[in-house]
Amino acid sequence: MKIYLSILFLFLSSFVFSQVVDEGDLEKGLQQGKEIKPSIKLYKIYSLEKDTTYVDTSLSIKNEYKYNFLRKDIFGLIPFANEGHTYNVLNFGLIQKSILPSFGFSAKHFNYLQASDIKYYSVPTPLTELYYKTVMEQGQSLDAFLTVNTKPNFNFSIAYKGLRSNGKYINNISSSGNFRFTTSYFTKNKHYFLNAHFTAQDISNQENGGIIDTKLFEQSNPPNDQRDRLDVYFKDATSLLKGNRLFLEHSFFLNKNNPNSLVFTHTFNTEYKFFEFTQSSTSTRFGDAFSNSINNKTRFNNFYNKIGLGYKTKNFGSLNFYIDDNNYNYYYNSLVYDNLGNIVVPNAISYRINMLGGNYTYFTSNLTAKIELAQTISNQSISNVHAMLNYTPNDNIKLEFNYQKLNSLPNLNYTLYQSRYVDYNWLNNFKNEKLNQLSFSAFTKWLNTSVQYKVLNDHLYFDNITDDITKLTVKPMQYDKTINYFSVNANKDIKFWKLGLDVTVLYQKVDQASDIVNVPELTTRSTLYFSDHVFKKAMFLQTGVTFQYFSKYYGNDYNPLIGEFYVQNETKFGNFPMFDFFINARIKQTRIYLKAEHFNSSFTGYNYYSAPNYPYRDFMVRFGLEWNFFK
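Residues numbered from 1 in each chain as written. Predicted model: local features only at pLDDT ≥ 70, side-chain atom pairs only at ≥ 80, totals over all residues. Heavy atoms only, no water.

Across its full length, the chain carries four helices and 39 strands. Taken over C-alpha atoms, the radius of gyration comes to 26 Å for the chain, in line with the 25 Å a tight globule of 631 residues would show. In terms of principal-axis extent, the alpha carbons of the chain reach across some 80 × 65 × 45 Å. Classification of the 631 residues of the chain by burial places 50% in the buried group. (Helix = DSSP H or I, 4+ residues; strand = E, 2+ residues; numbered from the N terminus. Rg over C-alpha atoms; globule rule 2.2 N^0.38 Å. Buried < 20%, exposed > 50% of the residue type's maximum accessible area, 1.4 Å probe, protein only.)

Attention shifts here to the sheet that holds strand β4 (residues 52–54). Across the sheet, which stays open at both edges, the three strands sit in the order β4-β3-β7 with antiparallel pairing between neighbours. Either end of the sheet is taken by a strand with one partner, and the two such strands are β4 and β7 (120–122). Each strand of the sheet is rotated relative to its neighbour by a mean of 30°, with strand direction disregarded. (Pairing = 2+ DSSP bridges. Axes fitted to C-alpha atoms, helices over the stretch in contact; angles between N-to-C directions.)

Our next topic: the side chain of Asn 407. Here Asn 407 is to be found in strand β22 (residues 397–408). Polar contacts involving the side chain of Asn 407 include one to the main-chain carbonyl oxygen of Ser 381, which spans 3.5 Å. Dropping the residues within four chain positions of it, Asn 407 is found in contact with Ile 99, Ser 381, Ile 382, Ser 383, Asn 432, Glu 433 and Lys 434. (Polar contact = N/O pair within 3.5 Å; in protein donor to acceptor, adjacent residues only side chain to side chain. Contact = heavy atoms within 4.5 Å.)

Quick look at the packing of aromatic side chains now. Summed over all chains, the structure comprises 50 aromatic pairs. With a centroid separation of 5.1 Å and an interplanar angle of 55°, the aromatic rings of Tyr 67 and Tyr 131 are classed as tilted. Pair noted here: Tyr 67 is in the loop between α2 (61–66) and β5 (77–79) and Tyr 131 is in strand β8 (residues 127–133), with a separation of 64 residues, a long-range link. Across the pair, Tyr 131 and Tyr 67 agree in class, each one buried. Residues Phe 576 and Tyr 608 carry aromatic rings whose centres are separated by 6.2 Å and whose planes lie at 55° to one another, so their mutual orientation is tilted. Of this pair, Phe 576 sits in the loop between β34 (564–566) and β35 (578–587) while Tyr 608 is found in the loop between β36 (590–597) and β37 (609–611), placing the two residues 32 residues apart along the sequence. (Phe/Tyr/Trp six-rings, centres within 6.5 Å; stacked < 30°, edge-to-face > 60°.)

On to the nonpolar core. With 54 residues, the main nonpolar core has Phe 286, Tyr 330, Tyr 417, Tyr 424, Leu 561 and Ile 562 as its most contacted residues. With near-sequence residues (within four places) excluded, Tyr 330 lies in contact with Phe 103, Phe 105, Thr 298, Arg 299, Phe 300, Asn 347, Ala 348, Ile 349, Leu 412, Asn 413, Leu 416 and Tyr 417. Ranked by size, the runner-up nonpolar core spans 16 residues in total, among them Ala 81, Val 232, Met 578 and Tyr 609. (Core = buried A, V, L, I, M, F, W, Y, C linked by side-chain atoms within 4.5 Å.)

Enumeration according to the criterion identifies 23 salt bridges in this entry. Taking the shortest distance from any N to any O, the salt bridge between Glu 64 and Lys 595 comes out at 2.7 Å. With a gap of 531 residues between them, Glu 64 in helix α2 and Lys 595 in strand β36 connect regions that are remote in the sequence. Judged by its relative accessible area of 17%, Lys 595 falls in the buried class. Residue Glu 129 is joined to Arg 71 by a salt bridge in which the shortest nitrogen-to-oxygen separation is 3.1 Å. One end of the pair, Glu 129, is in strand β8; the other, Arg 71, is in the loop between α2 and β5, and 58 residues separate them in sequence. Since its relative accessible area comes to 24%, Arg 71 is described here as partly exposed. (Salt bridge = Lys/Arg side-chain N within 4 Å of Asp/Glu carboxyl O.)

In this section: the pairing of strand β29 (residues 483–496). Sheet analysis places strand β26 (residues 448–457) next to β29, joined by nine bridges and oriented antiparallel. Following the sheet pairing, Leu 456 is matched in β29 by Ile 483. Connecting the antiparallel pair β29 and strand β30 (residues 499–511) is a turn made up of two residues, with Trp 497 showing a positive phi of about 60°.

Take the side chain of Lys 161 next. Tracing the backbone shows Lys 161 in strand β10 (residues 154–165). We note that Lys 161 is buried and unpaired, the nearest opposite charge coming from Asp 143 at a distance of 5.3 Å. One polar contact links the side chain of Lys 161 to the main-chain carbonyl oxygen of Phe 69, over a distance of 2.9 Å. Engagement of the side chain of Lys 161 in a polar contact is seen with the side chain of Asn 111, the distance being 3.0 Å. (Lys, Arg positive; Asp, Glu negative; His and termini not counted.)

Another aspect to go through is a nonpolar patch on the surface. On the surface, Leu 389, Phe 401, Leu 438, Phe 440, Val 451, Tyr 453, Phe 486 and Tyr 507 cluster together into a nonpolar patch covering about 620 Å² of accessible area. Looking at the nonpolar patch, the elements that each hand over two or more residues are β25 (433–444) and β26. You can see Phe 401 is positioned in strand β22. (Patch = residues over 30% accessible without salt bridge, like charges linked within 9 Å, V, L, I, M, F, W, Y side chains within 5 Å. Areas by Shrake-Rupley, 256 points an atom, 1.4 Å probe, with all protein chains shown as cover.)

Before going further, it helps to examine unusual backbone geometry. Peptide bonds are mostly trans, and most non-glycine residues show a negative phi. Pro 223 follows Pro 222 through a cis peptide bond whose omega is 5°. One non-glycine residue with positive phi stands out, namely Asn 575, at about 60°. Here Asn 575 is to be found in the loop between β34 and β35. For Asn 575, a relative accessible area of 43% gives the class partly exposed. Of note in this structure, Asn 613 is not a glycine but carries a positive phi near 70°. A relative accessible area of 19% places Asn 613 in the buried class.

For the rest of this paragraph, the subject is the environment of Leu 406. Relative to the assigned elements, Leu 406 resides in strand β22. Along the primary structure Leu 406 and Val 385 are separated by 21 residues, whereas in three dimensions their C-alpha atoms are 6.5 Å apart. Contacts of Leu 406, omitting those with residues within four sequence positions, involve Lys 97, Ser 98, Ile 99, Ser 383, Asn 384, Glu 433, Lys 434 and Leu 435.

Before going further, it helps to examine the environment of Tyr 529. For Tyr 529, the position within the fold is in strand β31 (residues 522–534). C-alpha separation for the pair Tyr 529 and Thr 543, spaced 14 residues apart in sequence, amounts to 5.5 Å. Residues in contact with Tyr 529, not counting those within four places in the same chain, are Ile 61, Asp 493, Lys 495, Lys 498, Leu 499, Gly 500, Leu 501, Asp 502, Gln 542, Thr 543, Gly 544 and Phe 582. A polar atom in the side chain of Tyr 529 sits 2.9 Å from the side chain of Asp 493.

Rendered as structure tokens:
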């Protein structure tokens, strides 16, 4: 119901504010009694890093890859069977580590929008976008968005993404909501700039722990070809990640008329979220419990301020210094005692981290270079060195170079966790993780390629410490040796006549004494497609077949109790083909999508998994659309 009300609200808002903008004659909206249709490039989208793009209403193979629940290309991720659940990571290079400790429960955060994920807008007329896609069995996935400039210097946007999908397996319902509100403002004299947003997000999943007997799935004889006939580990478990965030970033230029000017900046971020796992009855799979039912709730508060002073020049780039204050409170409403009455697991950990940092940016018409340094001035010993270089010698070549040396604190759920399951209580004092990584990318008209090399020391991970296959006792661990990771990614979109062949290949290699970071050596995606205008160019049609594959490996398994993936070296999966057939069409600003997903599933063998005991998706036909309205 909330989803439909949000769509109705956006339609009504679009109509109301279109009147405000027209009456205000925004940016010469009327000329000689006729309304001017603004260029699509005036509908701008930008990030906090000031990377600017514009609204894309085209239909291309890249849009096809982004037409999914996360609204981005998910090459290197493999989704679980139900929409809105979690994703196993095939490309280890996608895992990014922050200098500051995060909340944790990373398997539940794929659909959780971080502050860096939020975009800001500047539009000449109101813009509305609707996303719709069918899901597994009953339900729908909808994303409704509206942005308006009430004045040339004031923009706001409001959006809501909602999902409800029953799934095909027992106890597998997904339900989520992502509300976003953003605003941007600058004074007419351009002394002051502001970007701010508010998010309210909830991600709920019924957790079945995977199917018990994988042989029944792989045979798929009646009645087991009906997935709700397959027995699962948990029939009453649910996880919930919920959070609210208020974010503000603003800056003041002391002298806008002088190209050499002092700039004062301030960033504020406050966020509260929690992760909750509930079960109406305990399960022997997680071992003994303190009670007959499970209700684990981990809470997290973060309060962040950063004050900066910069000096921008016309010819020599910009230099910025900052100091920040980061307050963490990670807590439970209980204590864990031993048999003697001593506290063995406290109810909270609190950090106050202060950092001093600076960065220098130099840019010309075809070159951008940036180096950033940060170091704690509080008790914690963490640091960050980050260097970046972008060079575009001509329209056909773009080169990117990145280097980072990071010394970071463990995520909070590695340090402290409480549960009503006896074996899932811990308090640890791990060393800082150390990371050195180097990457180089080249984007050309002939080939797009990227190379990444990482050196990890004191790497943290989760592992199952029991040899009993009926039990799951997962604990955080720290690897005391060095891990070397190397990857090469290459992509080429070959076009001939009305045909296209888009090929992406990822090669990964890990050098380590023990199997801690496990990756498929080869991951690939290839799409053969046909594109053409039809019906006297009233419609643009694109149809084709996508093939996806990754080699067999000891992929990480999923533990819903702690919302994390863990290392396992008992079961290999992979080495199965995934074919999708699609027909997409574009009529004006409307893109229509029809796809037969994994249509080869019934004749290439039921040996496809996203994680051990978690089958990948069966064949199904899905329909959806994206629709833009420009007022």
